[in-house]
Amino acid sequence: MAGINLVDLTKSYGDTRVLHHIEGAIDDGEFIVIVGPSGCGKSTLLRMIAGLETVTSGEVFIGERKVNDLEPAHRDIAMVFQNYALYPHMSVAQNMAYGLKIRKLPKPEIDRRVREAADILEIGEYLDRKPRQLSGGQRQRVAMGRAIVRDPQVFLFDEPLSNLDAKLRVQMRLEIRKLQQRLGVTSIYVTHDQVEAMTLGDRLMVLNGGYVEQFGTPVELYQRPASVFVAGFIGSPAMNFMTVTAANGTLTLANGAIIACPVSYSGEALLGVRPENLTADADGPMRLVVEMVEQLGANTLVHGRLEGMDSELVASLPGIANVDPGAVLGFSAPGDALHLFDTQMQKRLEP
Amino acid sequence: MVERRPFVAFLTHLVLVLGVIAIALPIWITFVAASHNEVRMAQVPLPLWPGDQLWVNLKTTLFGGGLSGTEIAPVWLMLLNSLAMAMMISVGKISISLLSAFAIVYFKFPFRMACFWLIFITLMLPVEVRILPTFEVVARLGMLNSYWGLSIPLIASATATFMFRQVFLTIPDEMLESARIDGAGPMRFFWDILLPLSRTNIAALFVILFIYGWNQYLWPLLITTDPSMTTIVISIKQMLEAAEQSPQWNIIMMTALLAMLPPILVVISMQKLFVQGLTETDK
């Protein structure tokens with residue numbers, strides 16, 4: 001087992017820089033999720049750790065070893081690909097054994113490991129089948145089996161669930177988490193799905209445009225997002241933003257409403273409030289003109305605009321609430337649920 | 001077509017039947033001619049039904065030195081020559097094309113695309129175009145009247161290289177990456193992954209190239225002067241000319257039948273793979 005250390009890692013294709021100064025220390029046995037919108041460089045980062053992409057500058061350590069110039073096969077890693085990349089002409093057992101065969105492990109040892117991995121993943125009865133005879137979920141298991149038999153220091157997952165249907169995805173997500181906890185292998189998992197990221201990761205690395213926006217636990221990211229991007233990316237429905245002017249311990253909305261300010265700051269700022277933190281309060285400072293209502297059963301989403309302003313606002317009310325479009329509702333939010341961001345830098349303003 | 005018009009059905013069948021007759025009749029006549037004796041074949045009208053001399057003719061043709069009174073080698077030797085040439089051409093073409101396509105698709109080296117286009121423009125230079133310089137080269141290398149001389153000048157193939165390139169391009173990159181993580185080197189990847197995945201394409205190409213090699217006429221005619229190196233396709237022509245009186249049609253037709261046999265066997269035995277190789281795109 002080993003941790004991973006990324007030191008000032010950058011990647012350029014010609015003159016285009018796609019990753020900027022990535023830093024990160026990953027502990028032994030940790031499950032890290034790299035999350036971000038498509039094109040943010042998350043797959044490139046994973047492939048650099050795997051050794052499938054060269055490192056432009058900076059260093060990658062696995063354990064104590066610097067692996068920049070090592071071939072993927074010598075990095076002691078295993079990777080699960082988005083399209084599984086199973087060898088179509090080999091049976092399930094041969095697929096899992098191939099890497100071990102190349103490393104010239106003795107035959108009984110290979111058989112033992114394949115059998116063991118097949119038991120863990122419950123694919124024992126498919127060992128003689130070809131990948132094309134398996135369903136998507138079974139192929140996914142075989143791909144993981146191929147990673148497990150190698151007994152590597154690190155698992156790398158490149159959006160492994162994106163080819164599965166929604167129900168199977170939820171089920172496999174839990175299985176991957178359980179498996180990782182059981183084996184205790186350091187894992188890095190790339191996804192664009194924030195729910196997947198929140199449920200799987202011990203810590204999340206949020207990437208945007210090649211920069212690390214924030215690296216922390218799911219709860220940290222949810223409760224104290226470091227930037228407007230993280231605040232908007234994590235959580236569903238997305239956080240509400242409105243421009244405010246801060247002065248003398250209060251925030252003034254464009255329509256004149258006044259909210260107590262959680263930080264000492266004065267000037268233009270961006271106020272963020274999560275829909276689920278808004279509570280109905282007839283005297284609340286945020287007055288919402290209702291435009292549309294979504295009844296989800298467990299909660300009710302109220303869409304609308306702030307009275308006298310153009311900013312859209314979504315509030316999540318518990319249970320089933322009967323609200324008519326056109327009504328005006330008052331909302332307030334507790335001080336610790338107000339997130340204030342610098343308008344220029346888009347960074348969080350701390351007290 | 002789901003039309004149900006009797007006249008159209010009749011017409012399409014008529015065309016089909018005529019087509020079958022046009023193709024099958026010459027083969028039937030060949031077969032009939034090969035089953036009569038020499039005397040019967042010299043009489044008019046020509047027989048349309050098989051005679052009783054098939055086995056006798058087969059034996060004389062294969063082992064009897066072909067035509068009586070000429071120095072032509074026995075037909076079994078010519079069959080063997082043709083087989084050797086066709087096998088060397090098809091196997092050689094396939095191995096060289098596989099390797100060059102592998103280099104072009106999976107390795108980054110300077111002038112990679114230039115190499116590809118160089119190979120590609122040799123499509124414009126078949127043997128017939130470069131026949132004099134090629135003959136000169138083969139003669140200087142002392143390869144006249146040898147299997148090497150028969151096959152090597154025909155071995156390079158732009159078509160096959162191009163085809164394997166297209167096949168390799170359809171194999172997802174992850175397959176290579178996965179093999180790299182598994183620790184497979186380039187040649188290991190080639191043997192363990194690429195070859196099995198292009199199995200059907202190799203078979204399809206083998207069928208086409210075997211027939212191409214088997215039917216070579218101009219090139220073997222030029223470089224083989226020794227009767228023991230003659231290929232069967234050429235021998236048929238030689239038999240016609242060598243006859244002092246009238247041609248021995250029964251023997252010549254038997255030789256033609258024997259010449260048709262191996263390509264037919266290859267096509268029939270590899271038919272399933274052949275069709276898969278030309279139609280299957282799923283990897």
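Calculation rules
- Residues numbered from 1 in each chain as written.
- Chains lettered and ligands numbered in written order.
- Predicted model: local features only at pLDDT ≥ 70, side-chain atom pairs only at ≥ 80, totals over all residues.
- Heavy atoms only, no water.
- Axes fitted to C-alpha atoms, helices over the stretch in contact; angles between N-to-C directions.
- Helix = DSSP H or I, 4+ residues; strand = E, 2+ residues; numbered from the N terminus.
- Parallel < 35°, antiparallel > 145°, perpendicular 65-115°, else oblique.
- Left-handed = near helix turned anticlockwise from the far one by under 90°.
- Contact = heavy atoms within 4.5 Å.
- Buried < 20%, exposed > 50% of the residue type's maximum accessible area, 1.4 Å probe, protein only.
- Pairing = 2+ DSSP bridges.
- Salt bridge = Lys/Arg side-chain N within 4 Å of Asp/Glu carboxyl O.
- Buried area = accessible area lost by both parts, 1.4 Å probe.
- Polar contact = N/O pair within 3.5 Å; in protein donor to acceptor, adjacent residues only side chain to side chain.
- Nonpolar A, V, L, I, M, F, W, Y, C, P; charged D, E, K, R; others polar.
- pLDDT = per-residue confidence, 0-100.
- Patch = residues over 30% accessible without salt bridge, like charges linked within 9 Å, V, L, I, M, F, W, Y side chains within 5 Å.
- Areas by Shrake-Rupley, 256 points an atom, 1.4 Å probe, with all protein chains shown as cover.
- Lys, Arg positive; Asp, Glu negative; His and termini not counted.
- Charge placed at Lys NZ, Arg CZ, Asp CG, Glu CD.
- Phe/Tyr/Trp six-rings, centres within 6.5 Å; stacked < 30°, edge-to-face > 60°.

## Focus: the packing of helix 4 (residues 75-106) of chain B against helix 10 (residues 186-197) of chain B
Residues and elements named next belong to chain B. Packing of helix 4 against helix 10 brings their axes to within 12 Å, and their N-to-C directions diverge by 110°. If you check the angle between helix 4 and helix 10, you find them roughly perpendicular. The element helix 4 and its partner helix 10 pack so that their crossing is right-handed. Across the interface between the two elements, L98, L99, F102 and Y106 of helix 4 pack against P186, M187, F189, F190, L194 and L195 of helix 10.

## Details of the pairing of strand 12 (residues 250-253) of chain A
All names here are of chain A. Side chains L251 and L253 project from strand 12 onto a buried face, and the interleaved T250 and T252 project onto a face without burial. Where strand 11 (residues 240-247) lies against strand 12, 4 bridges are found, and the strand directions are antiparallel. What sits directly across from V244, in strand 12, is L253. Connecting strand 11 to the next strand, strand 12, in antiparallel fashion are 2 residues, including N248 with a positive phi near 50°. As judged from the 3 bridges shared by strand 12 and strand 13 (residues 258-260), these two strands associate in the antiparallel manner. Residue pairing in the sheet places L251 in a bridge with I259 of strand 13. Linking two consecutive strands that pair antiparallel, namely strand 12 and strand 13, is a turn of 4 residues; a positive phi of about 95° is found at G256 within it.

## What to know about the pattern of salt bridges
Across all of its chains, the model carries 20 salt bridges over all chains by this definition. As a salt-bridge pair, A:R47 and B:E177 come within 2.7 Å of each other at their nearest N and O atoms. Here A:R47 is found in helix 1 (residues 42-50), whereas its partner B:E177 is found in helix 9 (residues 173-182) on a different chain. Within this structure, A:K11, A:R47, A:E53 and B:E177 form a network of salt bridges that share partners.

## Digging into the sheet that holds strand 12 of chain A
All names here are of chain A. Read across the open sheet, the 5 strands follow the order 13-12-11-14-20; overall the sheet is antiparallel. Two strands close off the open sheet at either side, each with one partner strand: strand 13 and strand 20 (338-342). In this sheet, neighbouring strand axes are inclined to one another by 40° on average, regardless of whether the strands run parallel or antiparallel.

## Focus on the environment of B:F63
Residues and elements named next belong to chain B. One can find F63 in helix 3 (residues 54-63). When its relative accessible area of 57% is taken as the criterion, F63 is described as exposed. Along the chain, F63 and M260 lie 197 residues apart, while their C-alpha atoms are 18 Å from each other.

## Here's the deal with the interface of chain B and chain A
Between chain B and chain A, the contact holds 17 residues from the first and 23 residues from the second. In this assembly, chain B packs against chain A so that about 1800 Å² is buried in total across both faces, 58% of it on carbon and sulfur atoms. Its largest share of buried area at the contact with chain A, chain B owes to B:R180, B:I181 and B:D182, together 38% of the area lost on that side. Between the two partners, chain B and chain A, sit 3 salt bridges. Residue B:R180 is joined to A:E71 by a salt bridge in which the shortest nitrogen-to-oxygen separation is 3.5 Å. Our enumeration of links across chain B and chain A arrives at 9 residue pairs in polar contact (both at pLDDT 80 or more). Of the residues forming the side of chain B that touches chain A, the biggest block, 8 residues, is contributed by helix 9 of chain B. When the residues that make up the side of chain B that touches chain A are grouped by side-chain class, the tally is 8 nonpolar, 2 polar and 7 charged.

## Here we look at the confidence of the model for chain B
Residues and elements named next belong to chain B. Looking at chain B, the pLDDT average stands at 83 and 92% of residues meet or exceed 70. For chain B, per-element mean pLDDT is lowest for helix 2 (residues 38-42), which scores 71, and highest for helix 10, which scores 91. Overall fold confidence (pTM) sits at 0.80, and the ipTM for the predicted complex is 0.81.

## A word on a positive patch on the surface
Taken together, A:K130, A:R132, B:R199 and B:K272 make up a surface patch of like positive charges. Within the element layout of this structure, A:R132 appears in the loop between helix 3 (107-121) and helix 4 (136-149).

## Structural notes on the sheet that holds strand 15 (residues 279-280) of chain A
All names here are of chain A. An order of 15-19-16-17-18 is seen for the 5 strands of this open sheet, with the pairing classed as antiparallel. Each edge of the sheet is formed by a strand with only one pairing partner; in this case those strands are strand 15 and strand 18 (312-318). In the sheet, strand 15 pairs with strand 19 (residues 328-332) via 2 bridges, with the strands oriented antiparallel. Looking at the pairing, A280 lines up with F331 of strand 19.

## Overview of the side chain of A:Q180
All names here are of chain A. The residue Q180 is located in helix 5 (residues 166-183) in this model. One polar contact links the side chain of Q180 to the main-chain carbonyl oxygen of V185, over a distance of 2.7 Å. Residue contacts for Q180: discarding those within four places in its chain leaves G29, E30, F31, V185 and S187.

## Focus on the packing of aromatic side chains
On inspection of all chains with the given rule, the structure shows 23 aromatic pairs over all chains. On the numbers, 6.0 Å between centres and 65° between planes, the contact of A:F155 with A:F157 is edge-to-face. Residues A:F155 and A:F157 agree in their burial class; the two are buried. Taking 6.2 Å as the distance between ring centres and 65° as the angle between the ring planes, the aromatic pair formed by A:F241 and A:F341 counts as edge-to-face. Within this pair, whereas A:F241 is found in strand 11, its partner A:F341 is found in strand 20, the two being separated by 100 residues in sequence. The exposure class of A:F241 is partly exposed, given its relative accessible area of 25%. Classification of A:F341 by relative accessible area gives buried; the value is 0%. Grouped by ring-pair contacts, the aromatic residues B:F102, B:Y106, B:F107, B:F164, B:F168, B:F189, B:F190 and B:W191 constitute a single cluster.

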